[in-house]
Amino acid sequence: HVQVSFYSASSDKPIPGAEDAIIDVPVSADHEKLNNLVNTPATAADDEWKQRRFELLIGNMFLRCPLSEFIQENNLNFERVVQIQCVDGHDPPEPQHILNGPDWISSVHVTPSMY
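Predicted model only: the values in this text are computed from it and were never measured.

J.: Break down the pattern of salt bridges for me, with residues and values.
T.: In the structure shown here, the tally under the stated rule is three salt bridges. R52 is paired through a salt bridge with D88; the nearest N and O atoms lie 3.1 Å apart. With R52 in the loop between helix 1 (31–45) and strand 3 (54–58) and D88 in strand 5 (residues 82–88), the pair connects residues that are 36 residues apart, well separated along the chain. A relative accessible area of 23% means that R52 is categorised as partly exposed.

Next up, the structure:
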């Protein structure tokens, strides 16, 4: 296990229940489990809280693998509390128009009628 605390750098969207909370988390925890650990106490602390998907930062690196792997790769100390910053996650953009064409086309001149 490792001790973690969650915080948000955004002053307009604080995370309820995350202030000064230190949680013991198994090192096998991944991004999804950590997201649930943020949202569960927030839901209990604030009735109006809606589940949010967060991108998680440790230091200046996004957490994209299990916590144990991240700690080993970055030589983090298990003895201290790991501070995890929660940043609002957004879905990837979806294209408005899809024009199928061969992959070998390197550039296209678009006319106003092709919107």
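Now that the structure is up, let's keep going.
J.: Please provide a residue-by-residue account of the pairing of strand 1 (residues 2–7), values included.
T.: With three bridges connecting them, strand 1 and strand 2 (residues 23–25) associate as antiparallel partners. When the sheet's bridge partners are listed, Q3 is paired in strand 2 with D24. Bridging between strand 1 and strand 5 involves four bridges; their strand directions are parallel. Looking at the pairing, Y7 lines up with Q85 of strand 5.

J.: Could you give me a rundown of the sheet that holds strand 3, with the residues and numbers involved?
T.: One open sheet holds the five strands; their spatial order is 2-1-5-3-4, and the pairing between them is mixed. Pairing within the sheet leaves two strands with one partner each, and these edge strands are strand 2 and strand 4 (61–62). Strands in contact with helix 1 are strand 1, strand 2, strand 3 and strand 5; relative to strand 3, the strand with the most contacts, it is inclined by about 105 degrees.

J.: If you had to explain empty space enclosed by the protein to someone new, which residues and values would you point to?
T.: Applying the stated criterion across every chain yields a total of one cavity of 30 Å³ or more. As a volume, the largest cavity reaches approximately 60 Å³. What lines the largest cavity is simply F6, P16, G17, A18, A21, I23, L37, V38 and P41. In terms of residue count, helix 1 provides more of the lining of the largest cavity than any other element does, three residues in total. Broken down by class, the residue content of the lining of the largest cavity amounts to eight nonpolar, one polar and no charged.

J.: Break down the side chain of E55 for me, with residues and values.
T.: For E55, the location among the structural elements is in strand 3. Engagement of the side chain of E55 in a polar contact is seen with the side chain of R64, the distance being 2.5 Å. Filtering out sequence-adjacent residues up to four positions away, E55 remains in contact with H31, F62, R64, Q85, C86, V87 and G89.

Conventions and cut-offs
Residues numbered from 1 in each chain as written. Predicted model: local features only at pLDDT ≥ 70, side-chain atom pairs only at ≥ 80, totals over all residues. Heavy atoms only, no water. Salt bridge = Lys/Arg side-chain N within 4 Å of Asp/Glu carboxyl O. Helix = DSSP H or I, 4+ residues; strand = E, 2+ residues; numbered from the N terminus. Buried < 20%, exposed > 50% of the residue type's maximum accessible area, 1.4 Å probe, protein only. Pairing = 2+ DSSP bridges. Contact = heavy atoms within 4.5 Å. Axes fitted to C-alpha atoms, helices over the stretch in contact; angles between N-to-C directions. 1 Å grid on protein atoms, 1.4 Å probe; cavity = no way out; pocket = protein on both sides within 12 Å on 5 of 7 lines; lining within 4 Å. Points joined across faces, edges and corners; volume = space filled by probe spheres on them. Nonpolar A, V, L, I, M, F, W, Y, C, P; charged D, E, K, R; others polar. Polar contact = N/O pair within 3.5 Å; in protein donor to acceptor, adjacent residues only side chain to side chain.

So, to be careful, I would describe these as geometric facts and stop short of saying anything about function.
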